[in-house]
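Descriptive structure summary
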Amino acid sequence: MDWEALWEALLGSFFPAPTGSRLLDAAPTGIFRSPLFWAWIVLLAVLIGLACCIIHIGLRSTPTLLWLAVLVDAVALVFVRRALGWRYPI
């Protein structure tokens, strides 16, 4: 195992590059105050919650309604993310 590469990968994830992360560079654009950004965060949290719920219930015994909710949420996430990219080109 290459311990040097692993150590560098771990440190690189905790310390941003000299230019900073893309999300921090986007702060002056006002993206964090945008309702689109918060809608995207809420949709992402709902998707993670639905995935945890489906895993807890079991993949084979999950009701179809939950799978449909995951599909609708994923499509909504794509549209909101595209709208964010159009409104705030970073």
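Below is a summary of the structure that appears in this document. (Residues numbered from 1 in each chain as written. Predicted model: local features only at pLDDT ≥ 70, side-chain atom pairs only at ≥ 80, totals over all residues. Heavy atoms only, no water.)

Across its full length, the chain carries four helices and zero strands. Along the chain, helices (α) and strands (β) appear in the sequence α-α-α-α when read from the amino end. Classification of the 90 residues of the chain by burial places 19% in the buried group. Long-range contacts, defined here as pairs at least 24 residues apart, represent 60% of the contacts in the chain between residues at least 6 apart. Only carbon and sulfur atoms are counted for the fraction: they give 73% of the accessible area of the chain, which is about 7,300 Å². (Helix = DSSP H or I, 4+ residues; strand = E, 2+ residues; numbered from the N terminus. Buried < 20%, exposed > 50% of the residue type's maximum accessible area, 1.4 Å probe, protein only. Contact = heavy atoms within 4.5 Å. Areas by Shrake-Rupley, 256 points an atom, 1.4 Å probe, with all protein chains shown as cover.)

Let us now look at helix 4 (residues 64–87). In this model, helix 4 (24 residues) spans 35 Å end to end at C-alpha, consistent with the 34 Å of a helix rising 1.5 Å per residue. Every buried residue of helix 4 is listed here: Leu 66, Val 70, Asp 73, Leu 77, Val 80 and Leu 84. Taken together, the buried residues of helix 4 touch helix 3 (35–57). (Expected span 1.5 Å × (residues − 1).)

Moving on to the packing of aromatic side chains. Geometry of an aromatic ring pair is reported as the spacing of the ring centres plus the angle between the planes. Under the defined criterion, the tally for this structure stands at two aromatic pairs. Centre to centre, the rings of Phe 37 and Trp 38 are 5.5 Å apart; their planes meet at 80°, and the pair counts as edge-to-face. Using a relative accessible area of 48% as the deciding quantity, one classes Trp 38 as partly exposed. Look at Phe 37 and Trp 40: their rings are 6.2 Å apart centre to centre, the planes differ by 50°, and that puts the pair in the tilted class. Here Trp 40 and Phe 37 lie together in helix 3, a separation of three residues that amounts to about one turn. Ring pairing ties together the aromatic residues Phe 37, Trp 38 and Trp 40, which thus form one cluster. We note Arg 81 situated over the ring of Trp 40; from NZ or CZ to the ring centre the distance is 4.8 Å. (Phe/Tyr/Trp six-rings, centres within 6.5 Å; stacked < 30°, edge-to-face > 60°. Lys NZ or Arg CZ within 6 Å of the ring centre and 35° of its normal.)

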